[in-house]
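# Descriptive analysis of the structure
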Amino acid sequence: MLKLKKNSPIKWNSILPKPRLPSNESGYTIIESLIAIVVVAVLMTAVSPMLVFSTATRLQAKRLELATQAGKSYLDGVRSGTIPVSTLSNTSWSAIIPVVATSALSTQAAPSNGSLVCANTGYCTTPANVYCVDFDGSSCSSDSMQDMVVQAFRDGNSDPTKGYQLMVRVYRANSFKSEVGTLLTTDSSSTVTSGLGNRKAPLVIMSTEISPQNAQQSYQNYCDRVGCP
């Protein structure tokens, strides 16, 4: 029992317990941390496919740009004569690229794959009659992600000086790996396929009319090939 001295003041601080001050150390509980982790995981799961698809679409757009550049470079080279389509021995022309009927240009088979043998920019030996454009400067290879392979056909006779229609398909070089399978002859218009890329399909298809060297015979040569009324 507490005894108080007479006429002595009561010191309540010594009697009553001291109140506990709130701690200034605050933080997240384990439950709050787990909820935050779950929310972040759900958001990442929802956003990741869009990020992957966006990246793939940008890569495919870059491939299309390179393929278009390769196709135009080939057409311009043929038009200017720097890229031959036939060789001349004495008076006989030998076609480097296949010569087919006008109506059969778009129905020609795709090049065979499984092997790609090319030195640098120029015609390849395997498969035959294709032209490789070396964009990465390390010689054309099916391991390259930038090199492009041009497949070309032309109509008319073997003499290229009389003018002809030229059609090209441009494939990526890594389409010629054996695991890719049989190549296609038409490009894909699917948004998903265009974004992710279809290694079997050509990236671009182009055609143009190559004028004859003798301008005076231009119309007659055109009529001989396609027929005129």
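Structure first, text after, so check above.
Note on numbering: residues in each chain are counted from 1, in written sequence order. Whole-chain, interface and lining totals are the exception, using all residues; otherwise, since this is a predicted model, local features are given only for residues with pLDDT of at least 70 and side-chain atom pairs are given and counted only at 80 or more. Calculation of side-chain values draws on the structure's entire complement of heavy atoms; hydrogens and water are dropped beforehand.

### Here's the deal with the side chain of Asp-147
Put simply, DSSP H or I for four residues or longer makes a helix, DSSP E for two residues or longer makes a strand, and each gets a number counted from the N terminus. Within the secondary structure layout, Asp-147 lies in the loop between strand 4 (130-133) and strand 5 (148-154). Here the term buried applies to any residue with accessible area under 20% of the maximum for its type, exposed to any over 50%, and partly exposed to those in between, with areas from a 1.4 Å probe on protein chains only. Only four residue types enter the charge count, namely Lys and Arg as positive and Asp and Glu as negative; His and the chain termini do not. A side-chain nitrogen of Lys or Arg and a carboxyl oxygen of Asp or Glu constitute a salt bridge if their distance falls within 4 Å. It is Lys-177 that comes nearest to the buried, bridge-free Asp-147 among opposite-charge side chains, at 11 Å. Distance and chemistry together define a polar contact, namely a pair of N or O atoms within 3.5 Å, with one atom able to donate a hydrogen and the other to accept it when in protein, and with adjacent residues in sequence counting only for side-chain atoms on both sides. Polar side-chain contacts of Asp-147 include one of 3.4 Å to the backbone nitrogen of Ser-141. We call two residues contacting when some pair of their heavy atoms lies within 4.5 Å. Residue contacts for Asp-147: discarding those within four places in its chain leaves Cys-132, Val-133, Asp-134, Phe-135, Asp-136, Ser-139, Cys-140, Ser-141, Arg-172 and Ala-173.

### Quick notes on the sheet that holds strand 4
Reading across from one edge, 3-4-5-6-7 is the order of the 5 strands in this open sheet, with antiparallel pairing throughout. The strands lining the two open edges of the sheet, one partner per strand, are strand 3 (122-123) and strand 7 (204-210). Strand pairing is defined by DSSP finding a minimum of two bridges between the two strands. Relative to strand 5, strand 4 runs antiparallel, the two sharing 4 bridges. Within strand 5, the position partnered with Val-133 by the bridge is Met-148.

### Regarding the state of the cysteines
The disulfide criterion is simple: two cysteine sulfur atoms within 2.5 Å. Taken as a whole, this structure holds 2 disulfides when the rule is applied. Between the sulfur atoms of Cys-118 and its disulfide mate Cys-124 the distance is 1.8 Å. Every disulfide takes its handedness from the sign of the S-S torsion; for Cys-118 and Cys-124 that torsion is 95 degrees, giving right-handed. Neither residue differs from the other here; Cys-118 and Cys-124 are each classed as buried. Each sulfur of the disulfide joining Cys-132 and Cys-140 lies 2.1 Å from the other.

### Some words on unusual backbone geometry
Residue Pro-127 is reached from Thr-126 by a cis peptide bond, and omega for that bond is -10 degrees. Within the element layout of this structure, Pro-127 appears in the loop between strand 3 and strand 4. With a phi angle near 60 degrees, Asn-90 is a residue other than glycine that sits in the positive phi range. Checked against the element boundaries, Asn-90 lands in the loop between strand 1 (86-89) and strand 2 (92-95).

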